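Structure assessment
The residues making up each chain are set out below.
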Amino acid sequence: MPPVRTSKHRPHALVATLALLLASCSDDPTAPTQNADAGADAVDAPARPRVRLLVDANRDGTVSDTGDDEAFRASWDATHGAVFLANVDDDDDDDALDGADDVVNGDADAADLARVRVAPIAGLSEGSTGRLTLTGPETPTVRVFRVDDGAWRRLDLATETLSTADLRAGVELGVESSDFPTADWAGEITLSLAVTRGDEALGEDRAVLRVAPFVVSSSLDEATRIYATGGGGVLPLARFLNDLDAITAEASLEFETVDGLDPEWRERDRGPDVWTEDYMEFGWTAMPGGDAPRGMNVVMRTPRPDRRIAAWTRRDFVGPDRGYVWNHSRRYPTGRAHDPSLDSFGNLEVLPPYAGHPLGRLFHGNVAERSSDPVLREFLNAQRVQGPVLEVDTSWLLVGHVDEVVSFIPADSPRGWKMLVASPRAARAQLQALVAADPANGERVMFQGKNWYRPEGHPQEGRAYSAARTINSILADADLMAFNQGDQAHIDMMRETLQAEAGLTDAEVIEIPFLMWEIENGQGAAYMPGTVNLLLFGRNVVMARPHAAVIGGADFMETHLTDLMRAEGITVHFAEQWDILHTALGEVHCGTDALRRIPAQSVWMEATR
């Protein structure tokens, strides 16, 4: 027979009665004790007190003493069970994360506590006391507070008890964590209350709560602020930032720059670390809060301790409702297989929501021979709601980041989005079609007025040389064409993996044409600006200015990309970044980051695996 389930149409009193009957008949020693009378053999005995710990089990943002909050207080599944937060923001701006101390830092911090109520026990005999215990993490990750004379204070579960007066009046408790789920702790706790008088056990109850995970924002989530790294008078960077400033201003979107030349992280004899996407990743955490989730944005710092500019995330981002997390190996890996580049967050992306993954699924480049920090992977997998992290092979890319070849846009499709993939095949076909349409097009110049720069270690290191060449010369470059054929095979394998994972049809995949080229040891990067490496906000994308040949009075690639995105209801903005990002093997997405709003309907509880 199917299990008994409650319905929003079932009277609350009946739900509570059923829960009492089920608990009293249960053979499960962990089931909450409901403190019924002793039975037929003890008709004249005094009634046992009814001990109850109440939580927001129905996830409506409030704690009540009837209905699902009472019936499911010791349960946790996709639809019932209380939630508490990893309190990793800094509501009082004292430069300490709120979950790292033993105090409640004002009203805003109190709002980050999950409420638990000790229900009043009327008529409790004098001399009765209550002992709260907590099972869960081995380390003191979880703290319990109580309201005492109108103020919050830390409750020492090891030494403190609740008095008879406390139990008669009821007690309001607050629970927080200093950490998210880990490889050693699934994030669940059980809070138990035992009421005794001397050596006599009068009753007990328990409530189960689970800490909200860290969720990486999807690029489809609403952007509230765009970030990029500034660098004083570095002219190529100034051009890029000016374009971003104009684009975000037009969209009434906040734009903020991180000072890449701050003395705290400026590296001598080197320019600013402009790879904003790589040193931080934005996400969020939330618990039910009534009309809207109660939570905070959280910045995750790259595992790389040597990425000095990443200190900005802790020093300047953290504040009220702005949290911070940093996970890396205690001794940062230095083995042959470990590649620090893979710990940059251009190598961590989210397949947007699809069947079975309402918050999307994380994916990144990682193979045994070229691996990221295992502690980062363990942390992400421990969050469960966007995992397990899907690993794909990016070892054929010199930088090795998934954002070099894949991105996403909102679209009118079964899933509400489409996947964009790099396509050397489409780029070559496009160039050939231009020449076929008019042989004169073959002499049109690509990358007019742009330069490449000699790499580190070259006898002429840093010296510029012209990037300009004709379409005919590109098509006649047998080595370049052969290399792109090989890279296309790698891209097709990644596409097949992601397409199969999300159930995408070919109509839900858009090929973005640009050529790759070999940098060293058979590994490559974008030769034409990698326009798939883009910044998305709303129904707008910012792409690298392609600097393709001018045909019919316009850059043919700009025209093609504008038309391609317009067909999907997307507006394209082009930003000038050749000299600051493209020549350094990156593009727009690598040099920007987006803080995104916590989804109004936080569904991570339903996604728990």
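Basis of the calculations
- Residues numbered from 1 in each chain as written.
- Predicted model: local features only at pLDDT ≥ 70, side-chain atom pairs only at ≥ 80, totals over all residues.
- Heavy atoms only, no water.
- Helix = DSSP H or I, 4+ residues; strand = E, 2+ residues; numbered from the N terminus.
- Buried < 20%, exposed > 50% of the residue type's maximum accessible area, 1.4 Å probe, protein only.
- Contact = heavy atoms within 4.5 Å.
- Areas by Shrake-Rupley, 256 points an atom, 1.4 Å probe, with all protein chains shown as cover.
- Lys, Arg positive; Asp, Glu negative; His and termini not counted.
- Charge placed at Lys NZ, Arg CZ, Asp CG, Glu CD.
- Pairing = 2+ DSSP bridges.
- Axes fitted to C-alpha atoms, helices over the stretch in contact; angles between N-to-C directions.
- Polar contact = N/O pair within 3.5 Å; in protein donor to acceptor, adjacent residues only side chain to side chain.
- pLDDT = per-residue confidence, 0-100.
- Domains from an automatic or database assignment.
- Buried area = accessible area lost by both parts, 1.4 Å probe.
- Salt bridge = Lys/Arg side-chain N within 4 Å of Asp/Glu carboxyl O.
- Expected span 1.5 Å × (residues − 1).
- Arc of directions from axis to C-beta.
- Phe/Tyr/Trp six-rings, centres within 6.5 Å; stacked < 30°, edge-to-face > 60°.
- Left-handed = near helix turned anticlockwise from the far one by under 90°.
- Nonpolar A, V, L, I, M, F, W, Y, C, P; charged D, E, K, R; others polar.
- Right-handed = clockwise from strand over helix to strand, strands pointing away.

Here we come to the overall build of the protein. Across its full length, the protein holds 13 helices and 33 strands. Judged by the C-alpha coordinates and their principal axes, the protein covers about 105 × 55 × 45 Å. The buried share of the protein, reckoned over its 609 residues, is 53%. If you take every contact in the protein between residues at least 6 apart in sequence, the share linking residues at least 24 apart comes to 74%. In the form shown here, the protein has an accessible surface area of approximately 26,200 Å², with 49% of it arising from carbon and sulfur atoms. Counting 55 positive and 96 negative side-chain charges, the protein places the averaged centre of each group 1 Å from the other.

Glancing now at the sheet that holds strand S12 (residues 254-259). Strands in a sheet are paired, the pairing made by backbone hydrogen bonds, and the direction either parallel or antiparallel. Taking strand neighbours across the sheet as the criterion, the three strands line up as S12-S11-S33 in an open arrangement whose pairing is mixed. On the outer flanks of this sheet lie S12 and strand S33 (592-596), each paired with one strand and no other. Neighbour-to-neighbour, the strand axes of the sheet open up by a mean angle of 30°, direction not taken into account. The pairing of strand S11 (residues 223-230) with S33 spans five bridges and is classified as antiparallel. Paired with Arg-225 across the bridge in S33 is Leu-595.

So, on to helix H12 (residues 556-566). Every buried residue of H12 is listed here: Phe-556, Met-557, Glu-558, Leu-561 and Met-565. Between a side-chain oxygen at the N-terminus of H12 and the backbone nitrogen of Met-557 the separation is 2.9 Å; the capping residue is Asp-555.

What follows concerns the environment of Arg-146. In this structure, Arg-146 sits in strand S5 (residues 142-148). On a C-alpha basis, the gap between Arg-146 and Arg-115 in space is 9.6 Å, while along the polypeptide they are 31 residues apart. In contact with Arg-146, not counting residues within four places along its chain, are Ala-151, Trp-152, Arg-153, Leu-155, Leu-162, Asp-166, Val-171, Glu-172 and Leu-173. Engagement of the side chain of Arg-146 in a polar contact is seen with the side chain of Asp-166, the distance being 3.2 Å.

Here Asp-259 shows up in strand S12. Apart from the residues within four sequence positions on either side, Asp-259 is in contact with Gly-230 and Trp-265. For Asp-259, the side chain forms a polar contact with the main-chain nitrogen of Leu-261, separated by 2.9 Å.

Time to look at the confidence of the model for the protein. Residues shown with low pLDDT carry predicted positions that ought not to be read at fine detail. On average, the protein scores 91 in pLDDT, and the residues at 70 or more come to 92%. Note on residues 1-31: pLDDT is under 50 here. Beyond four places in sequence and across chains, it has 22 contacts. Every residue in residues 33-44 scores below 50 in pLDDT, and together they form 17 contacts with partners more than four places removed in sequence or on other chains.

Many descriptions give the size of an interface as the accessible area lost when the pieces come together. Here the protein is partitioned into domain 1 (11-211) and domain 2 (215-607). Spacing between the C-alpha centres of domain 1 and domain 2 amounts to 45 Å. Summed over both sides, the interface between domain 1 and domain 2 buries roughly 2,200 Å², with carbon and sulfur atoms accounting for 62% of that surface. Broken down residue by residue, the surface that domain 1 buries against domain 2 is led by Val-83, Leu-85 and Phe-180, which jointly contribute 23%. Counting every contact that joins domain 1 to domain 2 gives two salt bridges. If you look at where domain 1 meets domain 2, you find nine residue pairs in polar contact (both at pLDDT 80 or more). When contributions to the side of domain 1 that touches domain 2 are tallied by element, the ones reaching two or more residues are strand S2 (82-84) and strand S9 (200-211).

Attention shifts here to helix H5 (residues 235-250). Compared with the 22 Å implied by 1.5 Å per residue over 16 residues, the 23 Å span of H5 between its first and last C-alpha is a close match. If you check which residues of H5 are buried, you get Leu-237, Phe-240, Leu-241, Leu-244, Ile-247 and Thr-248. Summarising the axial view, the buried residues of H5 lie within an arc of 125°, below the 170-degree limit, and thus occupy one face. In H5, the exposed positions angled more than 90 degrees off the buried face are occupied by Asn-242, Ala-249 and Glu-250. Looking at the buried positions of H5, the neighbouring elements they touch are S11, S12, strand S28 (535-537), strand S29 (540-544), strand S32 (571-575) and S33. Count one or two residues on from H5 and you reach Ser-252, which has phi positive near 55°.

Turning our attention to the sheet that holds S28. On the basis of which strands lie adjacent, the open sheet formed by three strands has the order S28-S29-S32 and mixed pairing. Edge positions in the open sheet fall to S28 and S32, since each of these has one partner strand only. Ignoring which end each strand starts from, the neighbouring axes of this sheet average 25° apart. In terms of strand pairing, S29 meets S32 through five bridges, oriented parallel. Bridged to Met-543 within S32 is Phe-574. Packed on one face of the sheet, H5 meets S28, S29 and S32 and runs near 155° to S32. The sheet contacts of H12 involve S29 and S32, and relative to S32 the element is tilted by about 150°.

On to the packing of aromatic side chains, then. The full count for this structure, using the stated rule, is 16 aromatic pairs. With 6.2 Å between their ring centres and 85° between their planes, Phe-363 and Phe-408 make a pair best called edge-to-face. Of this pair, Phe-363 sits in strand S17 (residues 361-365) while Phe-408 is found in strand S19 (residues 406-410), placing the two residues 45 residues apart along the sequence. Neither residue differs from the other here; Phe-363 and Phe-408 are each classed as buried.

The next point concerns the packing of helix H9 (residues 424-437) against H12. Axis separation between H9 and H12 bottoms out at 12 Å; the angle between their running directions is 120°. At the point where H9 passes H12, the crossing takes the right-handed sense. From H9, Gln-430, Leu-431 and Leu-434 reach across to H12, where they touch Phe-556, Met-557 and His-560. When grouped by side-chain class, the residues that make up the contact of H9 with H12 number four nonpolar, two polar and no charged.

This brings us to the pairing of S12. Taken together, the six bridges between S11 and S12 define a ladder with parallel strand orientation. Opposite Ala-228, over in S12, you have Thr-257 as the bridge partner. Regarding the hand of the β-α-β motif, the stretch spanning S11, H5 and S12 is right-handed.

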